[in-house]
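Observations on chain architecture
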Amino acid sequence: THEAALCAIKLHPMWQEPLAIPGGDRQSPIDIVVRKSVFDPQLRPLKVQYEPRTCQQIWNNGYSFLVEYDDTTDKSTLKGGPLEDQFRLCQFHFHWGENNAWGSEHSIDRRLYPAELHLVHWNSDKYSLFEEAVIEENGLAVIAVFLKIGKRHEGLQKLVDALPAVRHKDSVVEFTKFDAACLLPENIDDYWTYAGSLTTPPLTEAVTWIVMKRHIEVSHDQLAVFRSLLFTSAEEQVQRSMVNNFRVQQAVKGRTVRSSFT
Ligand SMILES: CC[C@H](CNC(=O)c1ccc(S(N)(=O)=O)cc1)c1ccc2[nH]ccc2c1
Ligand SMILES: [Zn+2]
């Protein structure tokens, strides 16, 4: 499956890797080898407090669709776990495949999932803007949740119904009162965490990754709507389906992946 996934990316020029990445010793995504992860009893439970009223819009940025939050105040926050500071939710988005065999960016013992949710937060104790935090070592925290095909996700449906309005790159639609917490698995105490990077350019090594052990379920039809989105803007002659928008896995390079559970 990995080979097939790789060739699917090769077909798509947009995902060509930039030649040189500054430093490049803590790139994401990675394969998490469970038996090599190290239980850290000092990892605390995650504290997630999301305010649905801070949800503002959905934007197709030509890589994925972003559900964007008002991050001008500390209303939707993440703290605890591996984090020393308080982080503000600024957006969430997904990565998915052209079929259900692949699509996630991270894998667990090489197991890929059909899609992966990323909830993106920036360190509001140390910085005053996302743009500042995105170039700092401890600037960002991203919660990753795997999606599996199964029963329909009732909370996701409101988002799925809005996607046709952002079919093309650069389209935006108002989207309010969405509780991002409904996309988290029931148990968020079991996770892996490691030091990594953004998985799209500029690939800055600013991310504390928090990868959930438990997945969420979405229906085949809900994921099919993700695949109906387009990488291309309305003006372009050739329309290209937004699928396989995941990055190839990167070398772990001596990093330790810690687990919050045994
Ligand atoms: C610096 C990059 C940033 C755009 N990119 C992101 O925000 C981003 C966030 C998360 C991930 S992932 N897949 O790792 O979770 C990948 C990319 C970005 C770039 C320029 C900007 N100007 C104003 C705001 C702004 C934000
Ligand atoms: Zn992402």
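In what follows, the accompanying structure is described. (Residues numbered from 1 in each chain as written. Chains lettered and ligands numbered in written order. Predicted model: local features only at pLDDT ≥ 70, side-chain atom pairs only at ≥ 80, totals over all residues. Heavy atoms only, no water.)

1. Quick notes on unusual backbone geometry
The peptide bond linking Ser-28 to Pro-29 adopts the cis configuration, its omega dihedral lying at 0°. If you trace the backbone, Pro-29 turns up in the loop between helix 1 (2-10) and strand 1 (31-32). Look at the link from Pro-201 to Pro-202: it is a cis peptide, with omega at 10°. If you check the backbone angles, Asp-109 has positive phi at about 50° while not being a glycine. (Helix = DSSP H or I, 4+ residues; strand = E, 2+ residues; numbered from the N terminus.)

2. With respect to the coordination of the zinc ion (ligand 2)
Only His-93 (NE2), His-95 (NE2) and His-118 (ND1) from the protein coordinate the zinc ion (ligand 2), and they sit 2.0 to 2.1 Å from it. Between the four donor atoms coordinating the zinc ion (ligand 2), the angles at the centre fall across 98 to 117°, so the site counts as tetrahedral. Summarised as a motif, the one-chain spacing of the donors to the zinc ion (ligand 2) is H-x1-H-x22-H. The exposure class of His-93 is buried, given its relative accessible area of 11%. (Donors = N, O, S within 2.8 Å, 3.2 Å for Na, K, Ca; no water. Tetrahedral: all angles 85-135°; square planar, octahedral: opposite > 155°, others 65-115°. Buried < 20%, exposed > 50% of the residue type's maximum accessible area, 1.4 Å probe, protein only.)

3. Comments concerning the pairing of strand 7 (residues 87-96)
Extensive coverage of strand 7 is indicated by the burial of 10 of its 10 residues. In this structure, strand 5 (residues 65-69) lies alongside strand 7, joined through two bridges in antiparallel fashion. Following the sheet pairing, Val-67 is matched in strand 7 by Phe-92. As paired elements, strand 6 (residues 77-80) and strand 7 share two bridges and run antiparallel to each other. Across the sheet, the residue bridging to Leu-78 is Phe-87, located in strand 7. (Pairing = 2+ DSSP bridges.)

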